[in-house]
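Structural features, examined
Okay, here's what each chain looks like letter by letter:
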Amino acid sequence: MTTFNTGNPVGSVDPRDLYDNAENLDNLVNHPTKTEFQDRLGVPRKTWHGIEQDFQQFLVNSGYTGTGAGGAYEDYDADGPLTITALNQIFTKGGELYRLKPDQAMPYTTTNWAADEANMLAVGDAALRQELAAPSGAELVSYEGKSLKETLDAIGPVFKSIASAKLGEFPIEGQRVHVSSYYSDWAMHAPYHPAGGGEFVATAEADQEDGLNVYATATPGMFLVRTAVDRHTPQMMGLGLGRNAHEGLELSEFLQLTKRAYFPKGEYPIDAVSAPLTVPSDTDVEAHKEAKFSTLPNSSSGLTKTIAVENCSNVRWQGGVAVGERYDHTGTDGEFGHGIYIGGGASNVKFIGVESSDFWGDGWYIGNADATTITNVTIEDCIGDGNRRQGLSLTSGIGVNIIRGHYRNTNGTAPAAGIDIEPNVKQDATQYVRKLLVDGVRCYGNAGGGLLVAVAAGSGGVGDGGLVEGKIVNCFAYENGKDGFFFNETSWLTASGNHSFNNGEWGYNCSVGVKDSILSANQARNNPSGCFNLNNGCDRVTLSGNRGGGGEYLIKAYNCDELRITDCHLRNAETALQLDQCRGYNVSASSFKDCPYVGVLLSNPDTSNGMIVDNSFHNCGSHATEVTGRAYGAVICAISGASANITNMNRFTWDSGKSPANSIYYVRSTTTIKNKFVHDVIQDRNMTKLRTEGGPAEPNNEVVDINDLFTYPL
């Protein structure tokens, strides 16, 4: 503020105003620090010093120049001393760029770095930004072996759709083009899906369109060719995202073109009757877990396939869900509307983590052709859920592997199993199964059985049975309506480390014709029919190391030769072991507990020449009330003509109140002869050893050297 501050208007000749004007002029021109002042009318004004400061900042904001002639950059050490006359002048020192601080007077002449460093600002990054922002900045950046300028020069326009890109003109060979999506209205999906667009190169080195990688343009002879991608998506052909009513045929063509595909999340409708998705050879597919291959409703009672793998090799498919139409099916007959069908000519095929559910027939079907044409098929970590006939069927093939996975909730029509190994040998002798591995799968909640080996009905057959050299290991079958595991007409089967519990019938049911096989280290619990059943022609079968209990029988065998039971430890059933018309059997080193009716029941004339050796029976035979048609009240019962059987070195013990109701050994009928009960050990010497009914006892049946616990060590 001036001294007098009269407020008189401009033009006043009042001496006081003249004094104030002189004072303002002095501030304007000569003040060394102030950047502004108020004139005698109170208006803010810039001082000359302030104007100079603003100009220097303007120079800084406008970009840098060197301290040398013509703005050349000078080096502090090589070219000094340097003279700095503006704040936007820079120089180099030790590879860094510097300028003068704003509070220093100019011109400024450098002397030595010890004195000058405190007056300088490093500006290397700012200088670089200035160079990059310059018109020639793109030449300073490299991309794919070319300068960014060269790369950008080759990029053409961006198009919203394939259709609009095809209408473009591309006169430059090698020009790059970006397409946002296949259809313009798919652009909204781009952040979440590969929506069919991508990068293309304009070139004359193409022959014709293929609908996926090559498109003709408005420029004659010029095509847009898609740059290399790791996997193609069906959206690159305009498929998916609900665009078409059904896409089986188009998706098959897509796989023919790409061989390496990715199916994003979305629905892919398929007409399983007339246009299934057919997978070609040398195909590698990955699919999002919510990529749904949905079967369109139909009324077919015949064979249909949603995904078909036939007459091809080297196929890998990971992820996705095949969805059936069982709840929208418009017919009432048939049971062959399958989900994923692997048929004749399929080799080196692998599915990983794929679900196939809600089909009118089977979720998975493998076979229906000469077994030699279906080889090396692996189904790993897959699911069959809620299908009408089977979770998975295998009718023919060599080297099929079913690894882990869940096969559940099958219901609607028989067999209604989780997995059914169902060789068609009785219909066609070439449709057998060899070298099967089922490892770690879970079959549960099925109306029928859990895991079945059940030769399909027919008039023919083969001598070796339908399945040969099969391994079923580490599997779980539980809460199924029928047997947990069911086997028939199979040879050289190994069933080991499996678990079967809370099923409707047997834990393990070897029904007919299981030969030269081993069931070992399995568990069976709470299956009402019992743990193990071997029925009619199960010859040379070994039960070893099995555990569990519950049900009517622990082990029941009928009409079997050379049965071996060893190291099995089972408990809690009505009858421990029934051998009916079994010849040349051997039961050893096993234990049976808490079976109130009978420990061992030997029945019918053909039950002969067997040995029961070194076993333990605890709380067996305590039931004292007669039941029509049932043996009871003894540990070892031989009836109805069982002959020439031997018990030896077995141990019979019981808790208080659970001793055998009548005797240790019970023999019935005149034809039950030549059985020997030798060197067994009983808990109580006063217990009745042998009871007979309806026929002779000794000497036709002998009790020899029986010891009690006090005279024979356990």
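Our structure is the block above this text.
Thresholds applied
Residues numbered from 1 in each chain as written. Predicted model: local features only at pLDDT ≥ 70, side-chain atom pairs only at ≥ 80, totals over all residues. Heavy atoms only, no water. Buried < 20%, exposed > 50% of the residue type's maximum accessible area, 1.4 Å probe, protein only. Helix = DSSP H or I, 4+ residues; strand = E, 2+ residues; numbered from the N terminus. Arc of directions from axis to C-beta. Contact = heavy atoms within 4.5 Å. Core = buried A, V, L, I, M, F, W, Y, C linked by side-chain atoms within 4.5 Å. Salt bridge = Lys/Arg side-chain N within 4 Å of Asp/Glu carboxyl O. Polar contact = N/O pair within 3.5 Å; in protein donor to acceptor, adjacent residues only side chain to side chain. Phe/Tyr/Trp six-rings, centres within 6.5 Å; stacked < 30°, edge-to-face > 60°.

**Remarks on helix α8 (residues 248–258)**
Among the residues making up α8, those that are buried are Gly248, Leu251, Ser252, Phe254, Leu255 and Thr258. Seen from one end, α8 has its buried residues packed into an arc of 155°, which puts them on one side. Looking at the buried side of α8, the elements it contacts are β17 (260–263), β18 (266–270), β19 (277–278) and β20 (283–287).

**Notes on the nonpolar core**
The biggest cluster of nonpolar side chains holds 106 residues, and the ones touching the most others in it are Phe263 and Phe351. Apart from the residues within four sequence positions on either side, phenylalanine 351 is in contact with Val309, Trp317, Ile340, Ile342, Trp364, Thr378, Ile379, Glu380 and Cys382. Of all hydrophobic cores here, the second largest spans 14 residues; its members include Ile162, Ala165, Ala195 and Ala202.

**Describing the pattern of salt bridges**
In total, this model carries 25 salt bridges according to the counting rule given. Across the pair aspartate 284 and arginine 231 runs a salt bridge whose closest N-O atoms are separated by 3.2 Å. One end of the pair, aspartate 284, is in strand β20; the other, arginine 231, is in the loop between β16 (223–226) and α8, and 53 residues separate them in sequence. As far as burial versus exposure is concerned, aspartate 284 and arginine 231 are alike and both buried. Residue arginine 389 pairs with glutamate 335 through a salt bridge whose shortest N-O separation is 3.3 Å. One end of the pair, arginine 389, is in the loop between β30 (383–385) and β31 (390–394); the other, glutamate 335, is in the loop between β24 (321–323) and β25 (337–342), with 54 residues separating them in the sequence. Arginine 389 sits in the buried class, given a relative accessible area of 5%. The class for glutamate 335 is partly exposed, based on a relative accessible area of 22%.

**Observations concerning the side chain of threonine 306**
Checked against the element boundaries, threonine 306 lands in strand β22 (residues 304–309). When its relative accessible area of 0% is taken as the criterion, threonine 306 is described as buried. Among the polar contacts made by the side chain of threonine 306, one reaches the side chain of threonine 295 at a distance of 2.7 Å. When near neighbours in sequence (up to four residues on either side) are disregarded, threonine 306 contacts Ile270, Ala272, Pro276, Leu277, Phe293, Thr295, His338, Gly339 and Phe359.

**Remarks on the packing of aromatic side chains**
Using the criterion set out here, one finds 27 aromatic pairs in the structure. With a centroid separation of 6.0 Å and an interplanar angle of 25°, the aromatic rings of phenylalanine 91 and tyrosine 98 are classed as stacked. Ring centres of phenylalanine 263 and tryptophan 317 lie 6.0 Å apart, and the angle between their planes is 10°; this geometry places the pair in the stacked category. Here the residue phenylalanine 263 occupies a position in strand β17, and tryptophan 317 occupies one in strand β23 (residues 312–318), the gap between them amounting to 54 residues. Residues phenylalanine 263 and tryptophan 317 agree in their burial class; the two are buried. Ring pairing ties together the aromatic residues Phe254, Phe263, Tyr268, Phe293, Trp317, Phe351 and Trp364, which thus form one cluster.

From the geometry alone we can't say anything about function, so treat these as descriptive.
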